[in-house]
Amino acid sequence: MKVGVISLGCAKNLVDTEHLLGVLRESGIETVDSYREAEAVIINTCGFIESAKTEAINTILEAADYKESGLKKLIVMGCLSQRYKPELEQEMPEVDRFITIDEYPELGTILSEELGVPVRNTYGKATRVLSGKPWMAYLKIADGCDNRCSYCAIPLIRGPFVSRPAEEIVQEAEQLAASGVKELTLIAQDCSRYGIDLYGELRLSSLLKELDRIDGIRWIRILYLYPDEIPDDLIETIRSTEHVLPYFDIPIQHGSDRMLKAMHRRGSRELIRERCRKLREVFPDAVLRTTLIAGFPGEQEADHADNLSLLREIEWDRLGVFTYSQEEDTPAYALEDDVPPEVKTKRMNELMEAQSEISHARQNALVGTSADVLIESVDPLTGMYIGRSYMHAPDNVDGCVRFRSEKEHEPGEFARVTFTRVSGLNLIGKEE
């Protein structure tokens, strides 16, 4: 049986897919990259926002076309299945099985039934098969979410916040390091809450200390820290550890207290300001990244002005802006979507224009400084190495570093690079 596997959506979904690949490999099942070669296709879907749902449906329909030319089984798993399984079973009979996230503990049994070959029931226990670059891996430390932001469907899909036991996370990190992984990126819907459900207290600091001691791990990056749960002891842990990077992804969503309350966000404008100020005091070279929503129901010009002013005051290094769109089954779905589309777009553009000026200035201030760069490829046209510094997360939104060197390097190696100029989001330099 030859199986093709497609992963859609976020890094957390990618980790789930890599666990699936581990089960298939352990069961002796060959995986292939082409629809034409595959006897079965498994699609791991996202169902978070409308664009993700559309991408998932289009991918399913594209795969289904191959049932006319040799594809025997089409299986869909992930968030879309979790959220809409009954409706999808009615509307998409070309799919042989929709598997919900709740069914993952029995994934091997289900796949054995559908594929007609024995598949081991070892999801989450079999060694992951990394599907990306072998020197980096995402490490999921928790799943689900308890924050209940009014616009967000993730708690409906993924359920309540559930931390993984620390010993399980450390064991997986050690396996990844032994396989050659040098960069770990910790992911959860809210990493800052790690441990609260298992241990009755925040345990991210102690987890970081354990991970920091693993041989072979050079960088540890944390994605998604909420501003109300970045205590001083966590900041001190990051400062004192050797491998945890001063890269802080803090999704604040808005700069107006009125909008934060309407979004059911914990914390306040002043708390966001104070925590970011503290981070910059402790880490002068810190990278601060966030996301904002423009046009949430009830947003007035004064709220938008607050959003802009906080953006300018904090001077984020990286920032993304999304226009609000209604998401069914969320508390905000009952609110009137009263900000016209053209106003949402205008406000988004104003936020991005302000951020562009800030990013340009902060990027140019880096000229003449140096940093370690993890090399990922070589440009075949220019011969320049392409990689990332601690300032660049492995998700292609932070830009990259391009540099020349008289030395020979392989992807996955590190080089010390002095930055000589800026090109958009990218830093250009030369190896020291």
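Coordinates for the structure precede this section.
What you see is a predicted model; the values in this text were computed from it and never measured.

Engineer: Break down the sheet that holds strand β5 (residues 97-99) for me, citing the residues and quoting the values.
Structural biologist: An order of β2-β1-β3-β4-β5 is seen for the 5 strands of this open sheet, with the pairing classed as parallel. Single-partner strands in this sheet number two, and they are β2 (30-32) and β5. In this sheet, neighbouring strand axes are inclined to one another by 25° on average, regardless of whether the strands run parallel or antiparallel. As paired strands, strand β3 (residues 40-45) and strand β4 (residues 73-78) are joined by 6 bridges and run parallel to one another. Note that in β4 the partner of Thr45 across the bridge is Gly78.

Engineer: Please provide a residue-by-residue account of the nonpolar core, values included.
Structural biologist: Counting 53 residues, the largest nonpolar core has Leu186 and Leu211 as the members making the most contacts within it. Setting aside chain neighbours within four positions, we find Leu186 in contact with Leu139, Ile141, Cys191, Leu204, Leu208, Leu211, Ile220, Arg221, Ile222 and Leu223. Among the nonpolar cores identified, the runner-up in size contains 28 residues, and Leu245, Val287, Ala415 and Leu427 belong to it.

Engineer: Now, about the packing of aromatic side chains: what can you tell me, with residues and values included?
Structural biologist: Evaluation of the coordinates by the stated rule reveals 7 aromatic pairs. Each ring, one from Tyr151 and one from Phe296, has its centre 6.5 Å from the other, and the planes form 80°; the classification is edge-to-face. Here Phe296 lies in the loop between β12 (287-294) and α12 (301-314) and Tyr151 lies in the loop between β7 (142-143) and α5 (154-158), a separation of 145 residues in the sequence. Here Tyr151 and Phe296 have matching classes, each one buried. Through successive ring pairs, a cluster of aromatic residues spans Tyr151, Phe296 and Tyr324.

Cut-offs used in this document
Residues numbered from 1 in each chain as written. Predicted model: local features only at pLDDT ≥ 70, side-chain atom pairs only at ≥ 80, totals over all residues. Heavy atoms only, no water. Pairing = 2+ DSSP bridges. Helix = DSSP H or I, 4+ residues; strand = E, 2+ residues; numbered from the N terminus. Axes fitted to C-alpha atoms, helices over the stretch in contact; angles between N-to-C directions. Core = buried A, V, L, I, M, F, W, Y, C linked by side-chain atoms within 4.5 Å. Buried < 20%, exposed > 50% of the residue type's maximum accessible area, 1.4 Å probe, protein only. Contact = heavy atoms within 4.5 Å. Phe/Tyr/Trp six-rings, centres within 6.5 Å; stacked < 30°, edge-to-face > 60°.

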